[in-house]
Amino acid sequence: MKNRFDETKVRNFYYLLAYAFDDEKINFQNDEKFGSEKMKNIYDLFAIVLFIRLKELLQEGMYNEYVEYNEDLPYIKGRLDILKTFRTQTLQIKNRVFCDYEEYSVNNMINQIIKTTIRCLLKNDLLQENKIRLRQLYHTFENIDYIKDPNQILWDNLKFNKLNKKYEVIIKICKYVLKELIHNKEDENETFSHIDDDQKYHALFEKFIRNYLIRYFFNYRDEPINSLNIVTKKMKWMIDEKSKDKTDDRYIPKMHTDITISNTFKPGKVKIIDAKFYSNILSDKGFNGQEAVNINSGNWYQLFSYIMNEKWHLEEKLRDKQIETEVSGILLYASTGEDFQDFEVSVHGNRMGVNVIDFTQEFGNPETAKIDDRTIAGQMKKLAESIYEEIK
């Protein structure tokens, strides 16, 4: 049973990544190739995803792009770098000159990042099932340089266009491996962290929920709903006018929701989702360290603060239109086996609840899932439809 759970967990992590990275190639009707693969751990998962995706891309040939060089040459090529040539005395000593030029090359940053990621995965002893295939893939990049210190990669400088857009998800996966799974970036001494890290899961879970809901309402649903706005929203505190001049708001914590859902046709209704990923949903400590069994108090207070501030701003915005406002919120936890019952209460007239998505279940097919399915797709459908019922 344990092996089955581990494999389900690893497969679900793939879908978590795919939605978080907004992967357009998710296809549940033609997923047999991925579904038949053996995955003992997260490293097998990354090896399989890289192998399958890159094998498809490399059928079109190795990716090329223009690469900028600044080198000393025995002849002028491109633009002469006069300053560097005279500063280094290259012309007098070697009879060479420095030049800036571009070449159409496979040895570009995208291919270097891919090779570096494969190289790091191959060094991990936990990678067993797919090491041979990944090594074959590595040899395909033999004419590509690898990056000795991945920590020096300027990820924000990478630009994607219509020519390299199909590599964007691959690079996001590589970034996750190189930044989140590798602790020590020193060459020859890479060490790997584990999948069971709440912090690494949290951001992914938040993006997964947001992107999944967008796809559900716009693509998966039998009758798509285009009037919903599903965003991350920055909020301002409802500071009283008389105290604004006396307050330096630089010291006040910033507020931004994980997910805020509103309906263009019902401007007075808003649903806030605060997504959390913890190994344990329930805490065994209450007020002043006393023994208790409850959800994290900080999460609950945070959600309440979001609701109250959103309601205040919404009422101010709609005051002249005399539209009633209704703001509610959900603490949405990812469960990895903990027994928990969803609930909802009304606090100062505002509905607050806690829902759980059980990630020990099979993922299922979002396009065919039913509300009563135990699959993740079924649980997400139930959640999405309940949200729509509130704000439609």
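This report concerns the structure included in the present document. (Residues numbered from 1 in each chain as written. Predicted model: local features only at pLDDT ≥ 70, side-chain atom pairs only at ≥ 80, totals over all residues. Heavy atoms only, no water.)

Describing the overall build of the protein
- The number of helices and strands found in the protein is 12 helices and 13 strands.
- Counting only contacts in the protein whose residues sit at least 6 apart along the sequence, the fraction spanning at least 24 positions is 67%.
- For the protein, the exposed area adds up to about 22500 Å²; of that, 48% sits on carbon and sulfur atoms. (Helix = DSSP H or I, 4+ residues; strand = E, 2+ residues; numbered from the N terminus. Contact = heavy atoms within 4.5 Å. Areas by Shrake-Rupley, 256 points an atom, 1.4 Å probe, with all protein chains shown as cover.)

Some remarks on the pattern of salt bridges
- Counted according to the given criterion, the structure contains 16 salt bridges.
- Glu390 is paired through a salt bridge with Lys271; the nearest N and O atoms lie 2.9 Å apart. You can see Glu390 sitting in helix α12 (residues 376-391) and its partner Lys271 sitting in strand β8 (residues 266-277), a full 119 residues away along the chain.
- Judged by relative accessible area, which is 1%, Lys271 ranks as buried.
- As a salt-bridge pair, Lys311 and Glu315 come within 3.7 Å of each other at their nearest N and O atoms. Of the two residues, Lys311 and Glu315 both sit in helix α11 (residues 297-318), four residues apart, roughly one turn of that helix.
- Its relative accessible area of 18% is what places Lys311 among the buried residues. (Salt bridge = Lys/Arg side-chain N within 4 Å of Asp/Glu carboxyl O. Buried < 20%, exposed > 50% of the residue type's maximum accessible area, 1.4 Å probe, protein only.)

Focus: helix α7 (residues 131-140)
- Along α7, the residues classified as buried are Lys131, Leu134, Leu137 and Tyr138. Summarising the axial view, the buried residues of α7 lie within an arc of 120°, below the 170-degree limit, and thus occupy one face. Structural note: α7 exposes Ile132 and His139 on the side pointing more than 90 degrees away from its buried face. (Arc of directions from axis to C-beta.)

Remarks on unusual backbone geometry
- Here Gln322, not a glycine, exhibits a phi torsion of approximately 55°, which is positive.
- With respect to the helices, strands and loops of the structure, Gln322 is situated in the loop between α11 and β11 (326-335).
- On the basis of relative accessibility, which here comes to 74%, the residue Gln322 falls in the exposed class.
- Even without being glycine, His348 reaches a positive phi, approximately 55°.
- Mapped onto the secondary structure, His348 falls in the loop between β12 (343-347) and β13 (350-358).

Concerning the packing of helix α3 (residues 42-58) against helix α6 (residues 109-122)
- Interaxial distance between α3 and α6 falls to 11 Å at its minimum, and their mutual angle equals 145°. Relative to α6, the crossing made by α3 is left-handed. Here Tyr43, Phe46, Ala47, Leu50 and Leu54 of α3 lie close against α6, whose contacting residues are Ile114, Thr117, Ile118 and Leu121.
- Per-class residue counts for the contact of α3 with α6 are eight nonpolar, one polar and no charged. (Axes fitted to C-alpha atoms, helices over the stretch in contact; angles between N-to-C directions. Left-handed = near helix turned anticlockwise from the far one by under 90°. Nonpolar A, V, L, I, M, F, W, Y, C, P; charged D, E, K, R; others polar.)

A word on the sheet that holds strand β3 (residues 97-105)
- Ordered by their spatial adjacency, three strands build an open sheet running β1-β3-β2, and the pairing between neighbours is antiparallel. Across the chains shown, the open sheet's two edge strands, defined by having one partner strand only, are β1 (65-73) and β2 (79-80).
- Judged from the nine bridges that link them, β1 and β3 form a sheet pairing that is antiparallel. Directly across from Asp72, in β3, lies its bridge partner Phe98. (Pairing = 2+ DSSP bridges.)

Digging into the nonpolar core
- Within the largest apolar cluster, 84 residues are counted, with the highest numbers of intra-cluster contacts made by Phe13, Phe46, Leu54, Ile114, Ile118, Phe205 and Phe208.
- Ranked by residue count, the leading element in this core is α3, at 13 residues.
- If sequence neighbours within four positions are ignored, Ile118 has contacts with Leu50, Leu54, Leu134, Leu137, Tyr138 and Phe141.
- In this structure, Met235, Ile281, Leu303 and Leu314 belong to the second largest nonpolar core, which totals 19 residues. (Core = buried A, V, L, I, M, F, W, Y, C linked by side-chain atoms within 4.5 Å.)

Some remarks on the side chain of Glu310
- Tracing the sequence through the fold places Glu310 in helix α11.
- In this view, Glu310 contacts Lys233, Met235, Val270, Ile272 and Val327; residues no more than four positions away in its chain are not counted.

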